[in-house]
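An overview of the molecular structure
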Amino acid sequence: MSRLVIKIGSNVLTQRNGGLNAKRISAIAKEVNELAAGGHEVVLVSSGAIAAGMGKLGFEKKPTDIQLKQACAAVGQSLLMRSYGRCFRRYNRKVGQILLTRGVFSYRGTYLNAKNTIDTLLTFGVIPIVNENDTISTDEIKFGDNDRLAALVAGLIDADKLFILSDVDGLYPDDPKKNPQARLITTVEEITPEIEQMAGGAGSVVGTGGMYSKLLAAKRATAHGIMVHIVSGRTYGLVSAVLDGKKRGTTFLPKEQRISSRKGWIAYAIRSKGYIVLDDGAVSALVTGGKSLLPSGIMRVDGSFKTGDAVFCVDAAGTQLAKGIVNYTSEDIERIRGRQTSEIESILGFKYSDEVIHRDNMVILQ
Ligand code: GLU
């Protein structure tokens, strides 16, 4: 038995005119039900709310105005769930709606709540269907795209595999529509800058929802120790085929070491609020010595943050070496930096701990 997150893109679920593609949803429900009946725990991350709402509200193109997109999402999300509900009912299987915002991942409490709810639904054999809560997510607080949301959900629930069902059948070195010679890349061992370039690279027009955002999601999930598969969502049965050991789409191999859900939360879910600049001694204590961060090795503090916030630890050149949860505010760290732990109490008038960041609350970045 394995835990699977299956992300389904809007292009897979909707028709050209914006309405939902009922046949496709029906086929997805059939396959997902078979997987669940076979003992797999399946969580869907489904787009398609805005596209479904567009049709109902009479938009031919996706509106650019955020209010209009939110209105479409409000109408479309319920249509989407109704459609999934109807298809899964044929197999007597229930679905549960989980709408998340970026903020949910930033706080340990809401993060764990979301995790517990999904875990509970899975114990009931329910298929959780996740989407972004588009009606209240404005641009500044958005995930950006559902590929990223799916990678975060995979980390949240400690998934074994993340499947990204797309309108393309995997990663190609060149656009297969323009270059018929281009051959599908079946396995990616490491997402190098060259691979990123193939997918359009940063700042490319392919951008949101394109191959580049899928690659970033794959990078995030594989770093977590989760295997990622990008397969076509337009062909029936590809998830099962991959699980049966067949080669379909592009497989991204996970990094060897699987990180715990808590360390994954620190590394990928919670947002950094600032930087702590380390001297050379602290750099090697953290990176090779496996030590906690003490005030003595801190040269500078950038940004304003509170106890419990996440920050990046950087070297003098600005390279991000680690990310961790601080035990002191930025103002307090400013006062104790460069000093011995024995001096903390006399300087601040209190002491929470010797460490500015405890090793258990820190992830070393590669
Ligand atoms: N949450 C959006 C929707 O359901 C989709 C975002 C995306 O596809 O990346 O319409």
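Everything numeric in this text was worked out from a predicted model, so none of it was measured. (Residues numbered from 1 in each chain as written. Predicted model: local features only at pLDDT ≥ 70, side-chain atom pairs only at ≥ 80, totals over all residues. Heavy atoms only, no water.)

**Some points on the overall build of the protein chain**
When you go through the protein chain residue by residue, the secondary structure sums to 14 helices and 13 strands. Its C-alpha atoms give the protein chain a radius of gyration of 22 Å, near enough to 21 Å, the size a compact globule of 366 residues would have. By principal-axis analysis of the C-alpha atoms, the protein chain measures approximately 70 × 45 × 40 Å. Considering only residue pairs separated by 6 or more positions, the protein chain has 72% of its internal contacts joining residues 24 or more positions apart. Surface summary for the protein chain: the accessible area is close to 17100 Å², and the carbon and sulfur share equals 50%. Each charge class in the protein chain can be summarised by its mean position, and for the 47 positive and 37 negative side chains these summaries are 9 Å apart. (Helix = DSSP H or I, 4+ residues; strand = E, 2+ residues; numbered from the N terminus. Rg over C-alpha atoms; globule rule 2.2 N^0.38 Å. Contact = heavy atoms within 4.5 Å. Areas by Shrake-Rupley, 256 points an atom, 1.4 Å probe, with all protein chains shown as cover. Lys, Arg positive; Asp, Glu negative; His and termini not counted. Charge placed at Lys NZ, Arg CZ, Asp CG, Glu CD.)

**Focus: the sheet that holds strand 12 (residues 320–325)**
Spatial ordering of the open sheet is given by 10-9-11-12-13, a layout of five strands whose pairing is mixed. The open sheet is flanked by strand 10 (298–302) and strand 13 (362–364), the only strands paired with a single partner. Neighbouring strand axes in the sheet, compared pairwise and without regard to direction, differ in orientation by 25° on average. Summarising the sheet, strand 11 (residues 310–314) and strand 12 pair through five bridges and their orientation is antiparallel. Within strand 12, the residue paired with V311 across the bridge is G324. (Pairing = 2+ DSSP bridges. Axes fitted to C-alpha atoms, helices over the stretch in contact; angles between N-to-C directions.)

**A closer look at helix 4 (residues 66–89)**
Given a rise of 1.5 Å per residue, 24 residues ought to cover 34 Å, and the 34 Å separating the end C-alpha atoms of helix 4 matches this to within 8%. The N-cap of helix 4, judged by a side-chain oxygen 2.8 Å from the amide nitrogen of Q67 a few residues on, is D65. (Expected span 1.5 Å × (residues − 1). Polar contact = N/O pair within 3.5 Å; in protein donor to acceptor, adjacent residues only side chain to side chain.)

**Section: the side chain of T250**
Relative to the assigned elements, T250 resides in strand 8 (residues 250–252). Separated by 2.8 Å, the side chain of T250 and the backbone nitrogen of L171 make a polar contact. A distance of 2.7 Å separates the side chain of T250 from the backbone oxygen of I185, its partner in a polar contact. Apart from the residues lying within four places of it in its own chain, the contact partners of T250 are D169, G170, L171, L184, I185, T186, V188, V228, H229 and I230.

**Observations concerning a positive patch on the surface**
A contiguous patch of positive charge, built from K56, R82, R86, R89 and R90, is present on the exposed surface. For the positive patch, the element with the highest residue contribution is helix 4, accounting for three residues. (Patch = residues over 30% accessible without salt bridge, like charges linked within 9 Å, V, L, I, M, F, W, Y side chains within 5 Å. Salt bridge = Lys/Arg side-chain N within 4 Å of Asp/Glu carboxyl O.)

**A look at unusual backbone geometry**
For N92, which is not glycine, the phi torsion reads 65° and is therefore positive. Position of N92 among the secondary structure elements: in the loop between helix 4 and strand 3 (95–100). Judged by relative accessible area, N92 falls into the exposed class, the value being 68%. Positioned with a positive phi, D158 is a non-glycine residue whose angle comes to about 55°. With respect to the secondary-structure elements, D158 resides in the loop between helix 7 (146–156) and strand 5 (161–166). (Buried < 20%, exposed > 50% of the residue type's maximum accessible area, 1.4 Å probe, protein only.)

**Points about the site of the ligand**
With respect to spatial proximity, the complete set of residues near the ligand consists of S10, S47, G48, A49, I50, N131, D134, D145 and N146. The separation between an oxygen atom of the ligand and a polar side-chain atom of N131 is 2.8 Å. Within the side chain of D134, one N or O atom sits 2.8 Å away from a nitrogen atom of the ligand. Burial of the ligand by the protein amounts to 86% of the accessible area it has alone, namely 300 Å². Taken together, the residues of the shell around the ligand sort by class into two nonpolar, five polar and two charged. (Near = heavy atom within 4 Å. Nonpolar A, V, L, I, M, F, W, Y, C, P; charged D, E, K, R; others polar.)

**As for the sheet that holds strand 2 (residues 41–46)**
Ordered in space as 3-4-2-1-5-7-8-6, the eight strands form an open sheet in which the pairing is mixed. Only two strands of the sheet have a single partner each, and these edge strands are strand 3 and strand 6 (187–188). Pairing of strand 2 with strand 4 (residues 127–132) involves two bridges; the strand directions are parallel. Residue pairing across strands places L44 opposite I129, the latter belonging to strand 4.

**A closer look at the confidence of the model for the protein chain**
For the protein chain, per-residue confidence averages 91 on the pLDDT scale, and residues scoring 70 or more make up 96% of the total. Scored below 50 in pLDDT, residues 202–208 makes eight contacts in the model with residues more than four places away or belonging to other chains. (pLDDT = per-residue confidence, 0-100.)

**So, the pairing of strand 9 (residues 272–278)**
Bridge count between strand 9 and strand 11: four bridges; the pairing is parallel. When the sheet's bridge partners are listed, S272 is paired in strand 11 with A310. Where strand 9 lies against strand 10, four bridges are found, and the strand directions are antiparallel. Paired with L278 across the two strands is I298, which belongs to strand 10.

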